[in-house]
Amino acid sequence: MDLIRSFWRKHRKKILVTTTCLGSGYLLYKLYNAHTRSLADLERELADERHNDEIIKTQMKAHFENIQMIADVTTLPHALRRLSSRIAEEIHVSSVMETLSKGKGTLVPSEKLHLWNELKILSFTRMVLSLWSVTMLSLYIRVQVNVLGRHLYIDTARGLTTSHLLEELDQIDREEEKKFLTSADYLATIGMPSLISAMKRAVKEVLKGKQLKDVLTTRTLEETVIRILDVFMSKGSPHHWVDYLMMAQDTTMSPRDTTTSVLSSDDVAVSKLHQLINETREVLTSTEFTNVAEISLKSCTLALVEEMEKQTGLAAGMQLAKLLPQIEKTIPEISAVPDENRFLQLIRDLPEVQLFFTLLYSNMPLQFTKLPN
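Residues numbered from 1 in each chain as written. Predicted model: local features only at pLDDT ≥ 70, side-chain atom pairs only at ≥ 80, totals over all residues. Heavy atoms only, no water.

Looking at an unreviewed UniProt entry, one finds the protein named Peroxin-3 and attributed to Brassica rapa subsp. trilocularis.

Below, the structure is given as structure tokens:
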């Protein structure tokens, strides 16, 4: 016992230091072990999140590609067919040409002049109207697809499909997507009469000083078409032309009372469609879309006059009266089916158009960079 006390007195400091070190070491080991487990748990959580993100991206991509296919294969071709037939029905160029042809030798000069002037207005109206309608309709449908695709991404990211209304909500989405996309027929049905009237006024204003014997070249024809488009777009209230493409904001479609915690399927459907339509209108009335539309229209105008130049020798000059039948021959190319339509391909390939829709799909809310003029 005395030996132990003597050993303790002699080595007490060393023993205390050693014990403290051992205790501290054990504590540090426990802390390190806990930290390592926390890091491992965090890595597993991050891996799970990355996996979930990949699932979300895959689902979004698949759904969006399906909507793109509907637009490219069904919506746009159908809308173009309706558009082309409606323009032909409403603007009776062929009947005027037939009257002129049958009236040779029987029409008095004043009647012939009147018919030729009417043919001039109708031909230019039909040509510029077709050019504007096809360009704007293709851009409008792409806006629809991208707005809808962005909603699909947000809904998926928010875990909408984990709701107990999974099957019902999925059915609502499909129905509302179809309603939203088929609204592209609005231009060819509801919007067409007032669009024709507005375009005809612009054509009359620009052509009022041009005589049938005046000679037009490639450049003067291009300038004339651009001028008609400028007059048409600038007349009326700002963005008045949007009302030709889509229905006006309708108060009857306002979302119902959402103060309650439970929404019926009808409430969800009305709210979703209302939101899609409002966001589409917001895009169409943006400065960025106006810039893209102007660039597209100018590019298509240049392509149109170049096509007419190849077919008619327009570069050397041609009397306006002789140009009118050539205009009629060129118009079907403007509204050709997408696979054979060089104007639609031209619009799709424009860098400004590609940038615009990339930004539109990837940003929420809308925040676009300034596009070059």
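> Explain the overall build of the protein to me, please; I cannot follow it from the model alone.
A tally of helices and strands in the protein yields 12 helices and two strands. Each helix (α) and strand (β) of the protein, taken in turn from the N terminus, gives the series α-α-α-α-α-β-α-α-α-α-β-α-α-α. Within the protein, buried positions represent 42% of all 373 residues. When contacts within the protein are restricted to residue pairs at least 6 apart in sequence, those whose partners lie at least 24 apart make up 82%. (Helix = DSSP H or I, 4+ residues; strand = E, 2+ residues; numbered from the N terminus. Buried < 20%, exposed > 50% of the residue type's maximum accessible area, 1.4 Å probe, protein only. Contact = heavy atoms within 4.5 Å.)

> Sorry if this is basic, but what is going on with the packing of helix H9 (residues 287-312) against helix H11 (residues 342-349) here?
For any two helices packed against each other, the geometry is given by the interaxial angle and the distance between the axes. It is the contact of H9 with H11, at a shortest axis distance of 10 Å, that shows an interaxial angle of 140°. With respect to the hand of their crossing, H9 and H11 are arranged in right-handed fashion. Along its contact with H9, which presents Ser-296, Ser-299, Cys-300, Ala-303, Leu-304, Glu-307 and Lys-310, the element H11 presents Arg-342, Phe-343, Leu-346 and Ile-347. Here the residues of the contact of H9 with H11 are counted per class, giving six nonpolar, two polar and three charged. (Axes fitted to C-alpha atoms, helices over the stretch in contact; angles between N-to-C directions. Left-handed = near helix turned anticlockwise from the far one by under 90°. Nonpolar A, V, L, I, M, F, W, Y, C, P; charged D, E, K, R; others polar.)

> Please explain the confidence of the model for the protein as it appears in this structure.
Close reading of the predicted structure is inappropriate where its pLDDT is low. Averaged over every residue, the pLDDT of the protein is 79; the share at 70 or more is 71%. Segment residues 364-373: pLDDT under 50, and 25 contacts once partners within four positions in sequence are set aside and those in other chains are kept. (pLDDT = per-residue confidence, 0-100.)

> Looking at this model, I keep getting lost on helix H5 (residues 186-207). Mind explaining?
Along an α-helix, a turn takes 3.6 residues, which lines up residues three or four apart on a common side. Between its first and last C-alpha atoms H5 spans 29 Å; for 22 residues at 1.5 Å apiece the expected length is 32 Å, and the two agree. The principal kink in H5, of about 70°, is found at Met-192, preceding the proline Pro-193 by one to four residues. (Expected span 1.5 Å × (residues − 1). Bend = angle between axes of the 7 residues up to and from the residue.)

> Where do I start with the environment of Pro-238 in this structure?
Mapped onto the secondary structure, Pro-238 falls in the loop between helix H6 (218-234) and helix H7 (242-245). Take Pro-238: its relative accessible area is 71%, and that puts it in the exposed class. Distance from Pro-238 to Thr-285, taken between C-alpha atoms, is 8.5 Å for residues 47 residues apart in sequence.

> Just checking my understanding: could you explain H9 for this structure?
A rise of 1.5 Å per residue sets the reference length of H9, with its 26 residues, at 38 Å; its end C-alpha atoms lie 37 Å apart and thus fit the reference within 8%. Directly beyond the C-terminal end of H9, a positive phi value near 70° is found at Gly-313.

> Hey, could you run me through unusual backbone geometry in this one?
Backbone phi values are negative for most residues with the exception of glycine, while trans is the configuration of most peptide bonds. In this model, His-239 sits at a positive phi of 60°, which is unusual for a non-glycine residue. Within the secondary structure, His-239 sits in the loop between H6 and H7.

> Is there a simple way to explain the environment of His-92 in this structure?
With respect to the secondary-structure elements, His-92 resides in the loop between helix H1 (2-90) and helix H2 (93-102). Sequence separation between His-92 and Leu-122 is 30 residues, and the spatial gap between their C-alpha atoms is 7.6 Å. A polar contact of 3.0 Å, which involves the side chain of His-92, links it to the backbone oxygen of Glu-89. (Polar contact = N/O pair within 3.5 Å; in protein donor to acceptor, adjacent residues only side chain to side chain.)

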